[in-house]
Amino acid sequence: RSKEDGRGRWTLYDPSMDDEREMRNQLELDLRAAIERQEIGVAYQPFVRSNNGRIAGVEALARWTREGYGPVSPDVFIPVAESTGLIDLLGMCVLRSACFELRQWPELTLSVNVSPGQFRDPAFVGRVEEILQAADIEPRRLTLELTETYFIQNPARARQTLEMLRGMGIRVALDDFGAGFSSVGYLRQFGFDRVKIDKTLVQDITENQRSAELLHATVALARALDMPVTAEGVETGAQADALRLAGCELLQGYLFGRPSPAEEITRIVRQSYDSLPKMRAAE
Ligand code: C2E
Ligand code: MG
Ligand code: MG
Ligand code: MG
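Residues numbered from 1 in each chain as written. Chains lettered and ligands numbered in written order. Predicted model: local features only at pLDDT ≥ 70, side-chain atom pairs only at ≥ 80, totals over all residues. Heavy atoms only, no water.

Looking at an unreviewed UniProt entry, the protein carries the name Bifunctional diguanylate cyclase/phosphodiesterase, with the source organism given as Rhizobium lemnae.

Aromatic ring pairs are reported here in terms of the distance separating the ring centres and the angle at which the planes meet. Using the criterion set out here, one finds nine aromatic pairs in the structure. Between the aromatic rings of Trp 64 and Phe 77, the centroid separation amounts to 5.8 Å while the plane-to-plane angle is 90°, which identifies the pairing as edge-to-face. Placement of the pair is Trp 64 in strand 4 (residues 55–66) and Phe 77 in helix 2 (residues 74–84), with a sequence separation of 13 residues. Grouping residues by exposure puts Trp 64 and Phe 77 together as buried. Taking the centre distance of 6.3 Å and the plane angle of 75° together, the rings of Tyr 150 and Phe 151 count as edge-to-face. The exposure classification of Tyr 150 matches that of Phe 151, with both residues buried. (Phe/Tyr/Trp six-rings, centres within 6.5 Å; stacked < 30°, edge-to-face > 60°. Helix = DSSP H or I, 4+ residues; strand = E, 2+ residues; numbered from the N terminus. Buried < 20%, exposed > 50% of the residue type's maximum accessible area, 1.4 Å probe, protein only.)

Right, let's get into the site of ligand 1. Ligand 1 sits among 23 residues. The nearest are Asn 113, Ser 115, Lys 199, Glu 235 and Tyr 254. One of the side-chain nitrogen or oxygen atoms of Glu 59 is found 3.0 Å away from an oxygen atom of ligand 1. One of the backbone nitrogen or oxygen atoms of Ala 62 is found 3.0 Å away from a nitrogen atom of ligand 1. When ligand 1 is considered free in solution it has 800 Å² of accessible area, and contact with the protein chains removes 85% of it. Here ligand 1 occupies the largest pocket. At the level of elements, strand 4, helix 2 and strand 8 (171–177) are the ones that each hand at least two residues to the shell around ligand 1. By residue number, the principal contributor to the shell around ligand 1 is strand 4, which donates four residues. (Near = heavy atom within 4 Å. Polar contact = N/O pair within 3.5 Å; in protein donor to acceptor, adjacent residues only side chain to side chain. Areas by Shrake-Rupley, 256 points an atom, 1.4 Å probe, with all protein chains shown as cover. 1 Å grid on protein atoms, 1.4 Å probe; cavity = no way out; pocket = protein on both sides within 12 Å on 5 of 7 lines; lining within 4 Å. Sits in = over half its atoms within 2 Å of the grid points.)

Put into structure tokens, the structure is as follows:
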């Protein structure tokens, strides 16, 4: 079928495009309503020290159960939030919930993901500061995780924002490292406090010699630049051993815990303390 485009011309008309647009609009409307009704949840995934397996902190991950549909993946709704400007509100909801939740885990640190659109907003740093103060959380306990895109596109602005955050004591980690195209050399100028190696680089290190070498080189480079390394997506004990030997200080992945409700984190923290005397006794 074809359709007049309004200027007297005829263009190809694809009805499935209308369906897709309609579905996207509905998704956006539902997401907006969910944010307004404060229905965006937060799951917490632990990360552990590679030398003793003990929990060091948690990463906050946004969760949304869409009415009539069930859980929607962040890989679906975060891009929608980013392209519609909803990410500011959503991001602040997640940060606020997580900072208040962190009060019950005084021994842990918190990582929160931040989208380029949030980081670009001049009001961002002030809002983060406000939330930390309201929750009475020391800025040093918060790490913001960002991917390389924003740093590549706006190096000058990005460096400025980084300096403001660092001035307040907040840490910044480079997320999904190794999944993009930029070199560590280029990223060096930003002086990240930490690098998170992407799970795609971790996946087959125990089966593929090439992958293992690539991982070793990436970790060595990050460490040479004084950036401590977290590995994400750790699923097997063999991977954990290899990553520890390669020099990854923190490990995160299903092996140590899935993204879970806050109560589960409380249980893990308690367990990790209960096991302390046993570990000493075993030494
Ligand atoms: P990310 O920050 O790189 O988070 C890691 C993702 O890997 C999470 O997916 C986590 O559930 C998953 N993961 C953790 N361990 C394993 C493992 O052992 N194996 C495998 N296969 N996967 C593992 P999730 O929760 O679906 O989030 C996807 C992405 O959505 C995140 O990637 C992050 O970029 C974004 N995201 C999530 N929450 C937020 C948020 O509050 N704000 C922003 N801006 N982005 C968010
Ligand atoms: Mg992350
Ligand atoms: Mg990541
Ligand atoms: Mg990722």
